[in-house]
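# Architecture and fold: a report
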Amino acid sequence: QVQLVEFGGGLVQPGGSLRLSCTASGFTFSSYAMSWYRQAPGKERELVAAITSAGGSTNYADSVKGRFTISRDNALNMVYLQMNSLKPEDTAVYLCNAINTGWGTRYQYWGRGTQVTVSS
């Protein structure tokens, strides 16, 4: 079965850092672009960061550019989100997403999320 599991969330003070991880199983990880989304109370889910299947290209929401870095390790089936200079408005549930690339049928998978709370 396909599974995406996020971990590394928690409570951090403004200006602090967290590193989120997502481990994947049940599909060919290296054929999938990966991304992180977040959803805060009262707000719609938004794309935070994305990375291509081989890790050659990334993109970020304007609100996190210069602070967050997405990366992946295809040998370990892992994707990461390094979050620095955290702000209270970064508080949200962060979700891992996978979408396949190539010529075949398109598939998309979601993790259940990990809570990040930025507060003093």
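See the structure above.
Just so it is clear, the structure is predicted and the values come from calculations on it, not from any experiment.

Next up on the list: the overall build of the protein. Across its full length, the protein holds zero helices and 11 strands. For 120 residues, the compact-globule estimate of 2.2 N^0.38 gives 14 Å, and the protein sits close to it at 14 Å. Seen through its C-alpha atoms, the protein measures out along the principal axes to roughly 45 × 25 × 25 Å. Residue burial in the protein is summarised as follows: out of 120 residues, 41% are buried. Looking at the protein as shown, the accessible area adds up to about 6400 Å², and 49% of this sits on carbon and sulfur atoms.

For strand β4 (residues 32-39) and strand β5 (residues 46-51), the ladder comprises five bridges, and the chain directions are antiparallel. When the sheet's bridge partners are listed, Tyr-37 is paired in β5 with Leu-47. Hairpin geometry of β4 and β5 is characterised by an intervening segment of six residues between the two adjacent antiparallel strands and by a positive phi of about 80 degrees at Gly-42. As defined by bridge partners, β5 adjoins strand β6 (residues 58-60) across three bridges and the pair is classed as antiparallel. Its bridge partner being in β6, Ile-51 is matched across the sheet by Thr-58.

Bringing the environment of Gln-3 into the picture now. Structurally, Gln-3 can be placed in strand β1 (residues 3-7). The exposure class assigned to Gln-3 is partly exposed, which follows from its relative accessible area of 40%. Along the backbone, Gln-3 and Ser-71 are 68 residues apart, and their C-alpha atoms lie at a distance of 19 Å. Discounting chain neighbours no more than four positions away, the residues touching Gln-3 are Thr-23, Ala-24, Ser-25 and Phe-27.

Rules behind the numbers
Residues numbered from 1 in each chain as written. Predicted model: local features only at pLDDT ≥ 70, side-chain atom pairs only at ≥ 80, totals over all residues. Heavy atoms only, no water. Helix = DSSP H or I, 4+ residues; strand = E, 2+ residues; numbered from the N terminus. Rg over C-alpha atoms; globule rule 2.2 N^0.38 Å. Buried < 20%, exposed > 50% of the residue type's maximum accessible area, 1.4 Å probe, protein only. Areas by Shrake-Rupley, 256 points an atom, 1.4 Å probe, with all protein chains shown as cover. Pairing = 2+ DSSP bridges. Contact = heavy atoms within 4.5 Å.

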